[in-house]
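Read off the chains here:
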Amino acid sequence: MTDSKNAEISSDVSEALSSSEQQVKIAKSEKPPKGSIIMSGMRTTGRLHIGNYFGALKNWIELQNDYVGYYGCMDWHAMTTSYKSAKDVTADARDMYAEVLAFGLDPVKNVLFIQSQVPEHLELFSLFMMITPMGWAERVPTWKDAEADAKANDTHNIGRFTYPILQAADIAVYEASHVPIGHDQIAHLELSREVVRRFNHLYGGKLPEPKPVFTETPTLLGTDGRKMSKSYGNTFFLLQEEDELTKTLRATPTDPARVKRTDPGEPTKCPVYAFHKLFSPASDLPWVENGCRTAGIGCGDCKKKLGENINGLMAKPREKKKELLQSPDTLDSIIADGCQKARLKARETLDHVRSWTGFKSGPN
Ligand code: TRP
Ligand code: SF4
């Protein structure tokens, strides 16, 4: 894969998507200083959905022109809940890797890895577990929120409890100073900072306390009109095929006031309009707004236009993904390369960690 080809896809899709979002405020936190190491990851739970894109990948693609980023497909994190289907987790990691490449995350400018192929994460995770008091992990709000669900779904396991400690290790193993995350990850990053601070204090270490890089992501409505959430099964996969997309859109509810074609509607009460704001060019929005409010257009027309716009944006990444999956050797070698680079850095960090703590380094 050539650099320029990837960059081309990246600018096409991400520019089109950001220019279409004029209503969405992008509140960026302080820009990381030049030379900062950036790290982030996504749980590998299947194909990329809108939340993955607007909450993570889009920001990584924007950052790649200025910083070296370590970005991971986090399959150990996926295993905390999907341990019964380990084979799917492995396949999902590869699929996600292909999708991030297809959207233009550059494997040359960044280090792209699959978490389970960099075992150093787990060594640092073990050490971090020794120094993290139980109370810190118990206080993480995502754990409190998830506990009932975990009990009901046979995922009330120690791995899920220690999820944020593994996340702290993910970041520290690359000595990353900045982590692009969504607001839902604040508590996890706070714990990472505390664990790193305690580590440095105990052993005289010099691991950086990671800072968040926020981008305000829009509150996304799901395809059923409720808040978008993986657990509601109402997410929206980006690289679905055209006919799949048509089906998804057909099933998406609209403003209930529009019972008959002649009934006017209110776009702000409609998930289809919310998707238009994300995917359609700004010049299409007045057509939707006026057409909806005056019953000048039908919901079918409105969905058709949205489908065309999404298909237009996704055509290149869709094709790129297909190309990657059709040449598995190329994909495998990009993955192997990325994981190799990640390991080199992680090994170096662990050498420091071992020298601070007094453990001898092993033969590799
Ligand atoms: N918990 C993150 C999520 O669900 C994924 C993740 C795992 C992560 N390790 C990380 C994010 C390290 C940032 C840094 O989205
Ligand atoms: Fe929603 Fe569009 Fe129908 Fe209005 S016209 S209710 S915005 S689908």
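The structure we're discussing is the one just above.
This brings us to the site of ligand 1. For ligand 1, the full set of nearby residues is M39, S40, G41, R43, M74, H77, Y163, Q167, D170, I171, V179 and Q185. The contact in question runs from a nitrogen atom of ligand 1 to an N or O atom on the side chain of Q167, over 3.0 Å. Relative to its free-state accessible area of 370 Å², ligand 1 is covered by the protein chains to the extent of 88%. Where the shell around ligand 1 is concerned, the elements lending two or more residues are β1 (37–43) and α9 (163–172). For the shell around ligand 1, the per-class residue count stands at 5 nonpolar, 5 polar and 2 charged.

Attention now moves to the site of ligand 2. Surveying the vicinity of ligand 2 reveals the residues T254, D255, R258, C270, V272, Y273, V288, C292, C299 and C302. In this structure the site holding ligand 2 corresponds to the largest cavity. Listing elements by their share of the shell around ligand 2, those giving two or more residues are α12 (271–279), α13 (285–293) and α14 (299–326). Of the residues contributing to the shell around ligand 2, the split by class is 7 nonpolar, 1 polar and 2 charged.

Before going further, it helps to examine empty space enclosed by the protein. Counted by the stated rule, this structure contains 3 cavities of 30 Å³ or more. Looking at the largest cavity, its volume works out to about 80 Å³. In this structure, the largest cavity is lined by T254, D255, R258, P267, C270, V272, Y273, V288, C292, I297, C299 and C302. Of all elements in the fold, only α12, α13 and α14 reach the threshold of two or more residues within the lining of the largest cavity. Estimates place the volume of the second largest cavity at around 40 Å³.

Here the structure, examined in full by the defined rule, presents 23 salt bridges. Linked through salt bridges whose partners overlap, the residues forming this network are E120, E123, R343, R347 and R354.

Moving on to the packing of aromatic side chains. According to the stated counting rule, one finds 12 aromatic pairs in the structure shown. Measuring from ring centre to ring centre gives 6.0 Å for F54 and F279, while their planes differ by 70 degrees; the resulting arrangement is edge-to-face. Within this pair, whereas F54 is found in helix α2 (residues 50–63), its partner F279 is found in helix α12, the two being separated by 225 residues in sequence. Accessibility classification places F54 together with F279 in one group, the buried group. Between F236 and F275, the aromatic rings sit 5.0 Å apart at their centres with planes inclined by 50 degrees, giving tilted as the arrangement. Here F236, found in the loop between β5 (211–214) and α11 (242–251), pairs with F275, found in helix α12; they are 39 residues apart in sequence, far enough to count as distant. Residue classification places F236 among the buried residues on the basis of a relative accessible area of 1%. On the basis of relative accessible area, F275 is assigned to the buried category, the value being 1%. Of the aromatic side chains, those joined through ring pairs into one cluster are Y53, F54, F103, F236, F275 and F279.

What counts and how
Along each chain, residue indices are assigned from 1 in the same order as the chain's sequence is written. By the order in which they are written, chains take letters starting at A while ligands take numbers starting at 1. Two thresholds apply to this predicted model, a pLDDT of at least 70 for residue-level local features and 80 or more for giving and counting side-chain atom pairs, whereas whole-chain, interface and lining totals are computed over all residues. Hydrogens and water are ignored here; the side-chain numbers use all heavy atoms of the structure. For this purpose, a residue is taken to be near a molecule or strand whenever a single non-hydrogen atom of the residue falls within 4 Å of it. Contacts described as polar in this section are N or O atom pairs within 3.5 Å, which, within protein, must combine one atom able to donate a hydrogen with one able to accept it, while residues neighboring in sequence count only if both atoms come from side chains. The Shrake-Rupley method, run with a 1.4 Å probe, gives the accessible areas here. Residue values count only the displayed protein chains as cover. Elements are defined by DSSP. Helices are runs of H or I of four residues or more, strands are runs of E of two residues or more, and each kind is numbered from the N terminus. Residue polarity is assigned by list, with Asp, Glu, Lys and Arg as charged and Ala, Val, Leu, Ile, Met, Phe, Trp, Tyr, Cys and Pro as nonpolar; anything else, Gly included, falls into the polar class. A cavity, in this analysis, means grid points on a 1 Å lattice covering only the protein atoms where a 1.4 Å probe fits yet has no way out; a pocket is instead an open set bounded by protein on both sides within 12 Å along at least five of seven lines, and a residue lines either one if it has an atom within 4 Å of a point. Being in a pocket or cavity means that more than half of the molecule's atoms lie within 2 Å of its grid points. Grid points are joined across faces, edges and corners, and a volume is the space filled by probe spheres set on the points. Salt bridge criterion: a side-chain nitrogen from Lys or Arg within 4 Å of a carboxyl oxygen from Asp or Glu. We call Phe, Tyr and Trp rings a pair once their centres come within 6.5 Å, taking the six-membered ring for Trp, and we label the pair stacked below 30 degrees between planes, edge-to-face above 60, and tilted otherwise. Each residue's exposure class comes from its accessible area (1.4 Å probe, protein chains only) as a fraction of the maximum for that residue type: buried when under 20%, exposed when over 50%, partly exposed otherwise.

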